[in-house]
Amino acid sequence: MAITSAPALFISILLSLVLISSAQSCSEYTFPGNQAFNSCIDLPFLQANIHWNYIPSTRTVHIAYRANQTSTGWIAWAINPTGTGMVGSQALVAFHNSNGSLTAYPTPITSYTTSMRPGALSFQVSNISATYTNNQMSIFAVLGPLQNGTAVNHVWQAGNSVINDIPSSHATTGSNIQSMGTLNFLSG
(Lines give C-alpha, C1' and ligand atoms only; values in the text may rest on other atoms or scores of the structure.)
Protein backbone atom coordinates (compact mmCIF):
# COMPACT_ATOMS: atom_id res chain seq x y z
CA MET A 1 0.00 0.00 0.00
CA ALA A 2 2.84 2.40 0.84
CA ILE A 3 4.38 1.78 -2.57
CA THR A 4 1.31 2.93 -4.48
CA SER A 5 0.72 6.00 -2.28
CA ALA A 6 4.35 7.22 -2.61
CA PRO A 7 4.05 7.89 -6.39
CA ALA A 8 0.69 9.58 -5.83
CA LEU A 9 2.22 11.77 -3.12
CA PHE A 10 5.16 12.64 -5.40
CA ILE A 11 2.81 13.59 -8.25
CA SER A 12 0.68 15.69 -5.90
CA ILE A 13 3.72 17.56 -4.60
CA LEU A 14 5.06 18.11 -8.12
CA LEU A 15 1.68 19.39 -9.32
CA SER A 16 1.45 21.72 -6.31
CA LEU A 17 4.89 23.17 -7.06
CA VAL A 18 3.91 23.78 -10.69
CA LEU A 19 0.68 25.49 -9.64
CA ILE A 20 2.47 27.62 -7.02
CA SER A 21 5.14 28.74 -9.48
CA SER A 22 2.58 29.59 -12.15
CA ALA A 23 0.57 31.57 -9.58
CA GLN A 24 3.66 33.75 -9.02
CA SER A 25 3.49 35.02 -12.62
CA CYS A 26 2.98 38.75 -12.80
CA SER A 27 0.10 38.52 -15.28
CA GLU A 28 -1.98 36.46 -12.87
CA TYR A 29 -1.29 38.45 -9.72
CA THR A 30 -4.02 40.57 -8.11
CA PHE A 31 -2.94 43.44 -5.90
CA PRO A 32 -4.82 44.35 -2.73
CA GLY A 33 -7.31 47.18 -3.12
CA ASN A 34 -7.99 46.19 -6.73
CA GLN A 35 -5.01 48.10 -8.07
CA ALA A 36 -4.69 47.12 -11.72
CA PHE A 37 -1.72 47.37 -14.05
CA ASN A 38 -1.86 46.98 -17.83
CA SER A 39 1.70 45.68 -18.25
CA CYS A 40 4.13 43.55 -16.30
CA ILE A 41 7.18 41.35 -16.65
CA ASP A 42 8.59 38.58 -14.51
CA LEU A 43 12.15 39.66 -13.80
CA PRO A 44 14.82 36.99 -14.31
CA PHE A 45 16.50 37.35 -10.90
CA LEU A 46 15.53 37.66 -7.23
CA GLN A 47 11.98 36.30 -7.69
CA ALA A 48 10.60 39.70 -8.61
CA ASN A 49 8.11 41.36 -10.96
CA ILE A 50 7.55 44.89 -12.22
CA HIS A 51 4.01 46.05 -13.07
CA TRP A 52 3.17 49.39 -14.67
CA ASN A 53 0.71 51.72 -16.38
CA TYR A 54 2.34 54.27 -18.68
CA ILE A 55 0.41 57.50 -19.35
CA PRO A 56 1.78 58.99 -22.62
CA SER A 57 -0.02 62.34 -22.27
CA THR A 58 1.81 63.12 -19.01
CA ARG A 59 4.91 60.93 -19.57
CA THR A 60 4.30 59.37 -16.15
CA VAL A 61 4.37 55.75 -15.13
CA HIS A 62 2.53 54.13 -12.23
CA ILE A 63 4.64 51.21 -11.01
CA ALA A 64 4.37 48.32 -8.62
CA TYR A 65 7.55 46.39 -7.92
CA ARG A 66 6.92 43.09 -6.14
CA ALA A 67 9.46 40.60 -4.75
CA ASN A 68 9.65 37.69 -2.37
CA GLN A 69 11.17 38.84 0.91
CA THR A 70 11.18 38.05 4.62
CA SER A 71 9.76 40.54 7.08
CA THR A 72 13.29 41.46 8.22
CA GLY A 73 14.66 42.17 4.73
CA TRP A 74 14.32 44.98 2.21
CA ILE A 75 13.62 45.42 -1.51
CA ALA A 76 14.48 48.15 -4.00
CA TRP A 77 13.74 48.98 -7.63
CA ALA A 78 15.43 51.77 -9.56
CA ILE A 79 15.82 53.54 -12.87
CA ASN A 80 19.36 54.43 -13.85
CA PRO A 81 19.14 57.44 -16.19
CA THR A 82 22.93 57.65 -16.65
CA GLY A 83 24.17 54.06 -16.94
CA THR A 84 23.42 50.37 -16.69
CA GLY A 85 24.42 49.42 -13.16
CA MET A 86 23.71 50.34 -9.59
CA VAL A 87 25.72 53.58 -9.30
CA GLY A 88 23.63 56.46 -10.61
CA SER A 89 20.36 54.64 -9.99
CA GLN A 90 17.35 56.51 -8.67
CA ALA A 91 15.82 53.96 -6.29
CA LEU A 92 12.65 53.24 -4.38
CA VAL A 93 13.24 51.13 -1.27
CA ALA A 94 10.87 49.41 1.19
CA PHE A 95 11.31 47.61 4.50
CA HIS A 96 9.83 47.21 7.97
CA ASN A 97 11.34 49.82 10.27
CA SER A 98 12.21 49.38 13.95
CA ASN A 99 8.64 50.05 15.13
CA GLY A 100 7.33 47.35 12.79
CA SER A 101 5.62 49.60 10.26
CA LEU A 102 6.36 49.34 6.56
CA THR A 103 8.43 52.20 5.16
CA ALA A 104 8.97 53.20 1.52
CA TYR A 105 10.97 56.15 0.20
CA PRO A 106 13.19 57.33 -2.67
CA THR A 107 16.98 57.20 -2.40
CA PRO A 108 19.67 58.09 -4.96
CA ILE A 109 22.45 55.50 -5.30
CA THR A 110 25.64 57.55 -5.66
CA SER A 111 28.30 54.91 -4.95
CA TYR A 112 28.78 51.27 -4.05
CA THR A 113 28.92 52.32 -0.39
CA THR A 114 25.77 54.42 -0.45
CA SER A 115 23.78 54.84 2.77
CA MET A 116 20.30 54.30 1.24
CA ARG A 117 18.90 57.13 3.34
CA PRO A 118 15.86 59.02 2.01
CA GLY A 119 16.74 61.58 -0.64
CA ALA A 120 15.51 63.40 -3.73
CA LEU A 121 15.72 61.67 -7.11
CA SER A 122 16.57 63.21 -10.48
CA PHE A 123 12.92 62.86 -11.53
CA GLN A 124 9.65 63.46 -9.73
CA VAL A 125 8.23 60.68 -7.56
CA SER A 126 4.85 60.70 -5.81
CA ASN A 127 2.39 58.38 -4.10
CA ILE A 128 5.10 56.10 -2.69
CA SER A 129 3.75 53.28 -0.56
CA ALA A 130 4.48 49.65 0.24
CA THR A 131 2.67 46.47 1.23
CA TYR A 132 3.77 43.18 2.75
CA THR A 133 1.62 40.08 2.34
CA ASN A 134 2.47 36.37 2.25
CA ASN A 135 6.24 36.96 2.25
CA GLN A 136 5.99 39.36 -0.68
CA MET A 137 6.91 43.00 -0.41
CA SER A 138 5.63 45.53 -2.97
CA ILE A 139 6.52 49.15 -3.69
CA PHE A 140 4.02 51.44 -5.43
CA ALA A 141 4.81 54.87 -6.89
CA VAL A 142 4.13 57.33 -9.68
CA LEU A 143 7.26 58.41 -11.58
CA GLY A 144 7.64 61.32 -13.93
CA PRO A 145 7.29 63.08 -16.11
CA LEU A 146 10.10 60.99 -17.56
CA GLN A 147 12.57 63.13 -19.50
CA ASN A 148 14.57 60.46 -21.36
CA GLY A 149 11.77 58.61 -23.17
CA THR A 150 10.06 55.34 -22.34
CA ALA A 151 13.05 52.96 -22.52
CA VAL A 152 14.97 52.89 -19.24
CA ASN A 153 17.80 51.00 -17.64
CA HIS A 154 16.52 49.50 -14.42
CA VAL A 155 17.96 47.59 -11.51
CA TRP A 156 16.28 45.74 -8.67
CA GLN A 157 17.67 44.47 -5.43
CA ALA A 158 17.00 42.71 -2.14
CA GLY A 159 18.84 42.51 1.14
CA ASN A 160 18.46 40.40 4.25
CA SER A 161 18.57 42.99 7.01
CA VAL A 162 17.85 46.53 8.11
CA ILE A 163 19.94 48.16 10.86
CA ASN A 164 18.81 51.38 12.58
CA ASP A 165 16.09 51.81 9.93
CA ILE A 166 18.60 51.76 7.05
CA PRO A 167 18.88 48.80 4.65
CA SER A 168 22.15 46.87 5.01
CA SER A 169 24.28 45.95 2.02
CA HIS A 170 22.98 43.23 -0.28
CA ALA A 171 24.99 40.21 -1.40
CA THR A 172 27.58 40.95 -4.07
CA THR A 173 27.41 37.61 -5.84
CA GLY A 174 24.95 35.61 -7.94
CA SER A 175 21.51 37.04 -8.66
CA ASN A 176 22.20 40.23 -6.71
CA ILE A 177 24.80 41.38 -9.26
CA GLN A 178 22.78 40.20 -12.25
CA SER A 179 19.55 42.04 -11.40
CA MET A 180 19.53 44.73 -14.09
CA GLY A 181 18.12 45.22 -17.54
CA THR A 182 16.29 47.48 -19.96
CA LEU A 183 12.58 48.15 -19.74
CA ASN A 184 10.40 49.92 -22.27
CA PHE A 185 7.23 51.28 -20.70
CA LEU A 186 5.49 51.31 -24.10
CA SER A 187 6.39 47.87 -25.41
CA GLY A 188 7.55 45.94 -22.35
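Below, the structure is looked at part by part. Here the residue numbering is sequential within each chain, running from 1 through the sequence in written order. Local features are withheld for residues below a pLDDT of 70 in this predicted model, meaning they are given only at 70 or higher, and side-chain atom pairs are given and counted only at 80 or more; totals for whole chains, interfaces and linings count all residues. For the side-chain quantities, the full set of heavy atoms in the structure was used; hydrogens and water were omitted.

This brings us to the environment of Ile166. By definition, any uninterrupted DSSP run of H or I lasting at least four residues is a helix, any uninterrupted run of E lasting at least two residues is a strand, and each is numbered from the N terminus. Relative to the helices and strands, Ile166 resides in strand E11 (residues 166-167). Only protein chains enter the accessibility calculation, which uses a 1.4 Å probe; a residue is then buried when its area is under 20% of its type maximum, exposed when over 50%, and partly exposed in between. Ile166 gets classed as buried once you look at its relative accessible area, which sits at 14%. Between the alpha carbons of Ile166 and Asn97 there is a distance of 8.2 Å; along the sequence they are 69 residues apart. Whether two residues are in contact is decided by their heavy atoms: any pair within 4.5 Å suffices. Every residue in contact with Ile166, bar those within four places of it in the chain, is listed here: Tyr105, Ser115, Met116 and Arg117.

As a further point, take the layout of surface pockets. What the largest pocket holds in volume is close to 500 Å³. For the largest pocket, the lining is made up of 25 residues, of which Met86, Ile109, Tyr112, Gln157 and His170 are closest to its centre. Residue assignment for the lining of the largest pocket shows that the elements contributing at least two residues are strand E4 (74-80), strand E9 (151-159) and helix H2 (175-178). If one sorts the elements of the lining of the largest pocket by residue count, E4 sits on top with four residues. Taken together, the residues that form the lining of the largest pocket break down as 14 nonpolar, eleven polar and no charged. A cavity here means a set of points on a 1 Å grid, drawn over the protein atoms and nothing else, where a 1.4 Å probe fits but cannot get out; a pocket is an open set with protein on both sides within 12 Å along at least five of seven lines, and a residue lines either one if it has an atom within 4 Å of a point. Grid points are joined across faces, edges and corners, and a volume is the space filled by probe spheres set on the points. Only Asp, Glu, Lys and Arg are considered charged, only Ala, Val, Leu, Ile, Met, Phe, Trp, Tyr, Cys and Pro nonpolar, and every remaining residue, Gly among them, polar.

It is worth spelling out the sheet that holds strand E5 (residues 90-96) at this point. A pair of strands counts as paired when DSSP detects no fewer than two bridges linking them. Spatially, E6-E5-E4-E9-E12 is the arrangement adopted by the five strands of the open sheet, whose pairing is antiparallel. At either margin of the open sheet sits one strand with a lone partner, and together these are strand E6 (102-108) and strand E12 (180-184). If you compare each strand with its neighbour and ignore which way they point, the axes differ by 25° on average. Relative to E12, E9 runs antiparallel, the two being bridged by five bridges. In this analysis an axis means a line fitted to C-alpha atoms, helices contributing only their contacting stretch, and an angle means the value between N-to-C directions, from 0 to 180 degrees.

Burial of strand E8 (residues 136-143) is extensive: eight of the eight residues sit out of reach of the surface. Both faces of E8 are covered, namely the face carrying Gln136, Ser138, Phe140 and Val142 and the face carrying Met137, Ile139, Ala141 and Leu143. Alignment of strand E3 (residues 60-68) against E8, held across eight bridges, turns out to be antiparallel. If you follow Tyr65 over to E8, its bridge partner there is Ile139. Alignment of strand E7 (residues 125-133) against E8, held across seven bridges, turns out to be antiparallel. Within E8, the position partnered with Ser126 by the bridge is Val142. In sequence, E7 turns back onto E8 through a hairpin of two residues, with Asn134 there showing a positive phi of about 50°.

This part takes up the packing of aromatic side chains. The pairing test for Phe, Tyr and Trp rings, Trp by its six-membered ring, is centres within 6.5 Å, and the orientation test on the planes gives stacked under 30 degrees, edge-to-face over 60, and tilted for anything in between. Per the counting criterion, the structure on display carries six aromatic pairs. Considering the side-chain rings of Phe31 and Phe37, the 5.3 Å spacing of their centres and the 70° angle between planes classify their relative orientation as edge-to-face. Assigned by exposure class, Phe31 and Phe37 land together as buried. Summarising the aromatic geometry, the rings of Trp52 and Phe185 are spaced 5.9 Å apart at their centres and angled 70° between planes, so their arrangement reads as edge-to-face. Of this pair, Trp52 sits in strand E2 (residues 48-55) while Phe185 is found in the segment after E12, placing the two residues 133 residues apart along the sequence. Assigned by exposure class, Trp52 and Phe185 land together as buried. A cation sits over an aromatic face here: Arg66 above Tyr29, 3.7 Å from the ring centre. Criterion for a charge above a ring: Arg CZ or Lys NZ at most 6 Å from the ring centre, at most 35 degrees from the ring normal.

Looking now at the nonpolar core. Formed by 26 residues in total, the largest nonpolar core has its most connected members in Ile63, Tyr65, Trp77, Leu143 and Phe185. Every element with two or more residues in this core is listed here: E2, E3, E4, E5, E8 and E9. Those residues within four positions of Phe185 in sequence are excluded, and the remaining contacts are Trp52, Tyr54, Val61, Trp77, Ile79, Leu146, Thr150 and Val152. In this structure, Trp74, Ala76, Ala78 and Val155 belong to the second largest nonpolar core, which totals eleven residues. Throughout, nonpolar core names a set of buried Ala, Val, Leu, Ile, Met, Phe, Trp, Tyr and Cys residues whose side chains join them through atoms within 4.5 Å.

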